Amino acid sequence: MSETFTNPLADLPASGKLLGLDLGTRTIGVAVSDALRYSATPLETIKRTKFTQDAERILALIAENNAVAIILGLPLNMDGSEGPRVQSTRAFARNLAQKTPIPIAFWDERLSTSAVTRMMIEADLRRDRRAEIVDKLAASYILQGALDRLRRD
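Residues numbered from 1 in each chain as written. Predicted model: local features only at pLDDT ≥ 70, side-chain atom pairs only at ≥ 80, totals over all residues. Heavy atoms only, no water.

1. Digging into the overall build of the protein
Looking only at helices and strands, the protein features 4 helices and 5 strands. Along the protein, from the amino end to the carboxyl end, the secondary structure elements read β-β-β-α-β-α-β-α-α. Over its C-alpha atoms the protein spans a radius of gyration of 15 Å, differing by no more than 12% from the 15 Å that the globule rule assigns to 153 residues. Referenced to the eigenvectors of the C-alpha coordinate spread, the extents of the protein come out at roughly 40 × 35 × 35 Å. Of all 153 residues assigned to the protein, the portion counted as buried reaches 43%. Excluding contacts between residues fewer than 6 apart, the proportion of contacts in the protein whose partners are at least 24 apart in sequence is 64%. (Helix = DSSP H or I, 4+ residues; strand = E, 2+ residues; numbered from the N terminus. Rg over C-alpha atoms; globule rule 2.2 N^0.38 Å. Buried < 20%, exposed > 50% of the residue type's maximum accessible area, 1.4 Å probe, protein only. Contact = heavy atoms within 4.5 Å.)

Laid out in structure tokens, this is it:
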């Protein structure tokens, strides 16, 4: 992990639900934690359109779930370096931060989609069904990783 990831969760409020986001080029997977921050639950997959509409849906989900912070998956390269996808994720976070006062923390999402896909294949889910749910499950996987880290700290 790079130095910026020593404790990416340090600025989060001590309690309350967290919203997890897996930002893709065509979709945004969304998951939410329980109030005690033990488990992440897949919530929905947003079909991306324009940033303003994507942000409006995320803001609505924040309000509906009383979320106090966002965990945004950061798509680092396998060697830990940052590529173009990280730059676009950071830009998305900067733009979203202008629309909500709640903190946004980045979490390393390397292998999240492949791990989730592997689990779905092992569960014998059909390819079309996997495509429908992979993004929100990846968001849940990312959020669960952050929740596990919060419990260790």
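2. Points about the side chain of Asp135
When you line up the elements, Asp135 lands in helix α4 (residues 127–152). Buried and unpaired, Asp135 has no salt bridge, with Lys47 as the nearest side chain of opposite charge at 6.2 Å. Here Thr27 takes part through its side chain, which lies 2.7 Å from a polar atom of the side chain of Asp135. Setting aside residues no more than four positions away along its own chain, Asp135 makes contact with Asp22, Thr27, Gly29 and Thr45. (Lys, Arg positive; Asp, Glu negative; His and termini not counted. Salt bridge = Lys/Arg side-chain N within 4 Å of Asp/Glu carboxyl O. Polar contact = N/O pair within 3.5 Å; in protein donor to acceptor, adjacent residues only side chain to side chain.)

3. Comments concerning unusual backbone geometry
Not every positive phi belongs to a glycine, and Arg37 is a case in point at roughly 65°. Locating Arg37 in the fold gives a position in the loop between β2 (27–33) and β3 (40–47). A residue is classified by how much of its surface remains accessible, and Arg37, at 8% relative accessible area, is buried. Its identity is not glycine, yet Asp124 carries a phi of approximately 65°, on the positive side. Along the chain, Asp124 falls in the loop between α3 (112–122) and α4.

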